[in-house]
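Residue strings, one per chain:
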Amino acid sequence: MSQSPFDCTPDDLAQNRAGRVSERQVMTARADVERFRRRLFGLPLLLALVIGGGVALLVGDDLFAFFQWICAVQFAVAGSALAWRSLRADLVEWVPRLDDTVVAGEVEEITETSIRVGERWLSVSAAQAAYLTEQPVPLRVYYIERNERVIAAEPFT
């Protein structure tokens, strides 16, 4: 059996059973968003530096190559800022809050990217769907009512 992609401890499950999000789950989600933000800004900037440096080496000690390099870095930073601005609201919505209500439900159907819990279809990652498929049936999942994000799962009898 594979490792759970839900990353929840017994304390987290106890909080979820009581209808609450644990503080650790909130902090983990915030750390995930922060890592995403660093990658969103860092990777294009690194790529612009490498490409700009390569162009400067090919062209030589030309002032024009230096200006191209500066422009590439500026475009990378501006592009990352625009992407972050457009994604930020969705990411903030995705992060659970301590006052969010956690709902439990029995999994009725599992596909590659979603699960059916009652009348709702909840999105899950491919790793989460594969993990849920391996688990004994019946399964109970815990999800945040506000954004329908699945945060934990466990078999029950």
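Check the entry above for the structure.
What this report covers is the structure whose coordinates are included nearby. (Residues numbered from 1 in each chain as written. Predicted model: local features only at pLDDT ≥ 70, side-chain atom pairs only at ≥ 80, totals over all residues. Heavy atoms only, no water.)

**Re the sheet that holds strand S4 (residues 139-144)**
What holds strands together in a sheet is hydrogen bonding between their backbones, with the strands either parallel or antiparallel.
And step 1. Read from one edge of the open sheet, 5 strands run S3-S2-S1-S4-S5, paired in antiparallel fashion. Edge positions in the open sheet fall to strand S3 (120-123) and strand S5 (150-155), since each of these has one partner strand only. Averaged over all neighbouring strand pairs, the angle between strand axes comes to 40°, with direction disregarded.
And step 2. Sheet topology note: the strand S2 (residues 114-117)/S3 ladder contains 4 bridges and is antiparallel. Counterpart to arginine 116 in the pairing with S3 is tryptophan 121.
And step 3. Contacts from helix H1 (residues 10-17) reach strand S1 (102-110), S4 and S5, with the element oriented near 100° to S5. (Pairing = 2+ DSSP bridges. Helix = DSSP H or I, 4+ residues; strand = E, 2+ residues; numbered from the N terminus. Axes fitted to C-alpha atoms, helices over the stretch in contact; angles between N-to-C directions. Contact = heavy atoms within 4.5 Å.)

**Some thoughts on the pattern of salt bridges**
And step 1. Considering all chains together, one arrives at 13 salt bridges under this definition.
And step 2. The residue arginine 37 makes a salt bridge to glutamate 34 at a minimum N-O spacing of 2.4 Å. Of the two residues, arginine 37 and glutamate 34 both sit in helix H2 (residues 23-59), 3 residues apart, roughly one turn of that helix.
And step 3. A relative accessible area of 29% means that arginine 37 is categorised as partly exposed.
And step 4. Owing to a relative accessible area of 27%, glutamate 34 belongs among the partly exposed residues under this scheme. (Salt bridge = Lys/Arg side-chain N within 4 Å of Asp/Glu carboxyl O. Buried < 20%, exposed > 50% of the residue type's maximum accessible area, 1.4 Å probe, protein only.)

**Some words on the pairing of S1**
And step 1. Two elements, S1 and S4, share 5 bridges in a ladder whose sense is antiparallel. When the bridges of S4 are listed, glutamate 106 appears paired with arginine 140.
And step 2. With antiparallel pairing between neighbouring strands as the criterion, S1 and S2 make up a hairpin whose turn holds 3 residues.

**Some points on helix H4 (residues 126-134)**
Helical periodicity: at 3.6 residues per turn, an α-helix aligns residues three or four positions apart in one direction.
And step 1. Listed as buried for H4 are Gln128, Ala129, Tyr131 and Leu132. Down the axis of H4, the smallest arc covering the buried residues is 160°, so these residues share one side. Turned more than 90 degrees from where H4 packs its buried face, Ala126 and Thr133 sit exposed. (Arc of directions from axis to C-beta.)

**Digging into the nonpolar core**
And step 1. Phe6, Ile115, Val117, Leu122, Leu132, Val141 and Val150 are the most contacted members of the largest nonpolar core, which has 14 residues in total.
And step 2. Elements supplying a minimum of two residues to this core: S2, H4, S4 and S5.
And step 3. If we skip the residues at most four places from it in the chain, isoleucine 115 touches Val107, Glu109, Ile110, Arg120, Trp121, Leu122, Val124, Leu132, Val141 and Val150.
And step 4. Leu13, Val21, Val26 and Val102 belong to the second largest nonpolar core, which has 8 residues in total. (Core = buried A, V, L, I, M, F, W, Y, C linked by side-chain atoms within 4.5 Å.)

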